[in-house]
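What follows is the residue order along each chain.
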Amino acid sequence: MSAPRSVKGMRDLLPPETAVWAAVEATARRVFSLYGFEEIRTPIVEETELFMRSVGESTDIVGKEMYTFEDKGGRSLTLRPESTAPVARAFVEHNLREQGLPLRLFYIGPQFRYERPQRGRYRQFHQIGAEVFGDPGPLSDVELLQMLLRFLDELGFEDLVVRLNTVGDRASRSAYAQSLREFLAPRAAELGEDSRRRLETNPLRILDTKLPRERRVLEDAPRLEEHLSDESREHFEMIVRMLAERGIEHQVDPGLVRGLDYYTRTVFEIASAELGAQDAILGGGRYDGLVADLGGPEVPALGFAIGEDRLIEVLPASNASRFVPAAPATVIAVGGVAPEDALRLAEELRGSGLAAVAELGAGAMKGALKRAGRRGSRYVLLLGDDELSSGAVTVKDFESGRQELMDRERVAGYLEERR
Ligand code: AMP
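In short, a report on the structure. Note that the structure is a prediction, hence the values are computed from the model and not measured. (Residues numbered from 1 in each chain as written. Predicted model: local features only at pLDDT ≥ 70, side-chain atom pairs only at ≥ 80, totals over all residues. Heavy atoms only, no water.)

## Concerning the overall build of the chain
Applicable threshold: Here a strand is any run of E in DSSP of at least two residues, a helix any run of H or I of at least four, and the numbering for each starts at the N terminus. Our radius of gyration is a C-alpha quantity, and the globule rule it is checked against amounts to 2.2 Å times the number of residues to the power 0.38. Only protein chains enter the accessibility calculation, which uses a 1.4 Å probe. A residue is then buried if its area is under 20% of the maximum for its type, exposed if over 50%, and partly exposed in between. Methods summary: accessible areas were calculated by the Shrake-Rupley approach with a probe of 1.4 Å, and residue burial reflects only the protein chains presented. His residues and chain termini do not enter the charge count, which takes Lys and Arg as positive and Asp and Glu as negative. One atom stands in for each charge, and that atom is NZ of Lys, CZ of Arg, CG of Asp or CD of Glu.
A tally of helices and strands in the chain yields 16 helices and 16 strands. Taken against the 2.2 N^0.38 rule, which gives 22 Å for 419 residues, the C-alpha radius of gyration of the chain at 28 Å runs more than 25% over that of a compact globule. Reported as C-alpha extents along the three principal axes, the dimensions of the chain are approximately 90 × 60 × 45 Å. Looking at the chain residue by residue over its 419 residues, the buried ones come to 50%. A total of about 20,800 Å² of accessible surface is found on the chain, and carbon and sulfur atoms cover 49% of it. Placing the 56 positive and 69 negative side-chain charges of the chain at their respective mean positions leaves the two points 5 Å apart.

This is the structure:
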């Protein structure tokens, strides 16, 4: 019988990479809290209905990518494919408006989409996201981008592209969808199968096609700009102006529409040149109607979701290695000394905040040194009979090759200095 394997598109995250994940998440927590964001944790499973009502039935996510199942009570449940809808649901359910608006929340956790796995695309992936409820902008739109850039800057990113667009309010959007449909219908033969289907269900999605043939058809298509309400136009112009004033480089990309139905007005992505076709590290925007759609009050909102898997794949290498903590020192009992004494010394070091692992089995020195090497220990502390009776320790530094006998009380300080 073959050994069980992880599910297709879902991966184990292993050390030492998990240390990088933890550091990225710690950076997000720290930076987001500078901007007044607090953490929310929602369940991984939601009622299927939630995503149909918010993300939209005509989207790829709801149409073909959800992990939906019936539980033993006959309810239709879905592993969350994204977290904005769950957070908005929680906002309404717990009447979080009472906590005072604007309310700033962030989340970190796994999401599930049945997509074709490839580099940077998984069926279980992870997002770090944030949502602001109760601020109509446009200052909060700009502040959100500023927070994102600060976060990415702290992770060492340099060559990033901010792309943004406005999809207008709902009225402008549906007027535009209609005129796009009228333009494309006589040209349907030039469209691929996906786009022909979208022509009926969600014509705006055709705009972000990557197919050259379809891009050519779209060159003469009507533009969303022509359908924008004055308010939406002003909102967007102010954002663009404020970004310029703050020296934040950006590209206005009229083809950027994003795949979820709930967006209104601002949409944005930040991409890394290194990712190639799947280049977006994160996406976000405004969804002023979502809270009301889910049965709550009229509360404007906006947010973003960072693809943590992709972010880590393109994290500047120097930073990734900085995030992996130094391996623990290895303590080895030599000669007649009991492993218990090695453990005692390791405990002393841990008491001083230093990582240490004791070789607990009695055994040959050679094997113990080999294990220390594999563990990555820079320092090996040898505790022999002489050392034990004189209160000393032999400290071996693998990096310099030097070996020193020192008083046991000095060891913690010595390692501390060289950390
Ligand atoms: P979305 O929720 O579709 O707006 O996506 C936001 C971000 O999540 C994207 O920019 C990607 O970085 C990431 N993402 C979306 N789908 C996947 C996936 N299947 N695998 C890995 N990352 C993903």
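Here the narrative resumes, following the displayed structure.
## Remarks on the site of the ligand
To keep it simple, the criterion reads: Residues are classed as near a molecule or strand on a simple rule: at least one heavy atom within 4 Å of it. Pairs of N or O atoms within 3.5 Å make up the polar contacts considered here, provided that, within protein, one atom can donate a hydrogen while the other can accept it, and that residues adjacent in sequence are counted only when both atoms are side-chain atoms. The nonpolar class holds Ala, Val, Leu, Ile, Met, Phe, Trp, Tyr, Cys and Pro. Asp, Glu, Lys and Arg form the charged class, and all remaining residues, Gly among them, are polar.
The environment of the ligand is formed by 16 residues, the closest being R113, E115, Y122, Q127 and R258. One of the side-chain N or O atoms of E115 is found 2.6 Å from a nitrogen atom in the ligand. A distance of 2.8 Å is found between a nitrogen atom of the ligand and a backbone nitrogen or oxygen belonging to Y122. Of all elements in the fold, only strand 6 (124-133), strand 10 (280-286) and strand 11 (301-307) reach the threshold of two or more residues within the shell around the ligand. The element contributing the most residues to the shell around the ligand is strand 10, with four residues. Among the residues making up the shell around the ligand, the classes are represented as seven nonpolar, four polar and five charged.

## Some details on the side chain of Q127
Mapping Q127 onto the fold places it in strand 6. Look at Q127 and you get buried, because its relative accessible area is 8%.

## Side note on the environment of A392
This is how the line gets drawn: Should any heavy atoms of two residues lie within 4.5 Å, those residues are counted as being in contact.
The residue A392 is located in strand 15 (residues 392-397) in this model. Taking the C-alpha atoms as reference points, A392 and M406, 14 residues apart in sequence, are found 5.4 Å from one another. Discounting residues that sit within four places of it in the chain, A392 has contacts with L383, E387, L405, M406, D407 and R408.

## What to know about helix 7 (residues 193-201)
Selection criterion: Regarding the arc, it is the one traced by the directions from the helix axis to the C-beta atoms.
Of all the positions in helix 7, only S195, R198 and L199 are classed as buried. One side of helix 7 carries all its buried residues, which in axial view fall inside an arc of 115 degrees. Residues of helix 7 that are exposed and angled more than 90 degrees away from the buried face: E193 and E200. In this structure, the buried side of helix 7 is in contact with helix 3 (60-65), helix 6 (170-184) and helix 8 (212-218).

## So, the nonpolar core
Using the following cut-off: The criterion is simple. A nonpolar core is a set of buried Ala, Val, Leu, Ile, Met, Phe, Trp, Tyr and Cys residues joined through side-chain atoms within 4.5 Å.
One finds F51, V55, F91, L105, F133, L184 and Y262 to be the most contacted residues of the largest nonpolar core, which totals 47 residues. Elements represented by at least two residues in this core include exactly helix 2 (48-54), helix 3, helix 4 (84-93), strand 5 (103-112), helix 6, helix 8, helix 10 (290-293) and strand 11. Contacts of F51, omitting those with residues within four sequence positions, involve E46, G56, V62, M66, T78, R80, P81, E82, A85 and P86. One finds V20, V24, F157 and F304 within the second-largest nonpolar core, a separate group that totals 41 residues.

## Regarding the sheet that holds strand 4 (residues 76-79)
Keep this limit in mind: Strands are treated as partners if at least two bridges between them are detected by DSSP. Axis definition: a line fitted to C-alpha atoms, over the contacting stretch in the case of helices. Angles run 0 to 180 degrees between N-to-C directions.
Pairing within the open sheet is antiparallel, and its three strands lie in the order 2-4-3. The sheet is open, and its two borders are formed by strand 2 (45-47) and strand 3 (67-70), each paired with just one other strand. Across the sheet, the axes of successive neighbouring strands diverge by a mean angle of 35 degrees, strand direction being ignored.

## Focus on the sheet that holds strand 9 (residues 264-272)
Strand order in the open sheet formed by eight strands is 1-5-6-11-10-9-7-8, and the pairing between neighbours is mixed. The sheet is open, and its two edges are formed by strand 1 (38-39) and strand 8 (251-252), each paired on a single side. Pairing geometry for strand 7 (residues 160-166) and strand 9, over seven bridges, is antiparallel. Pairing of L164 across the sheet is with F268, part of strand 9.

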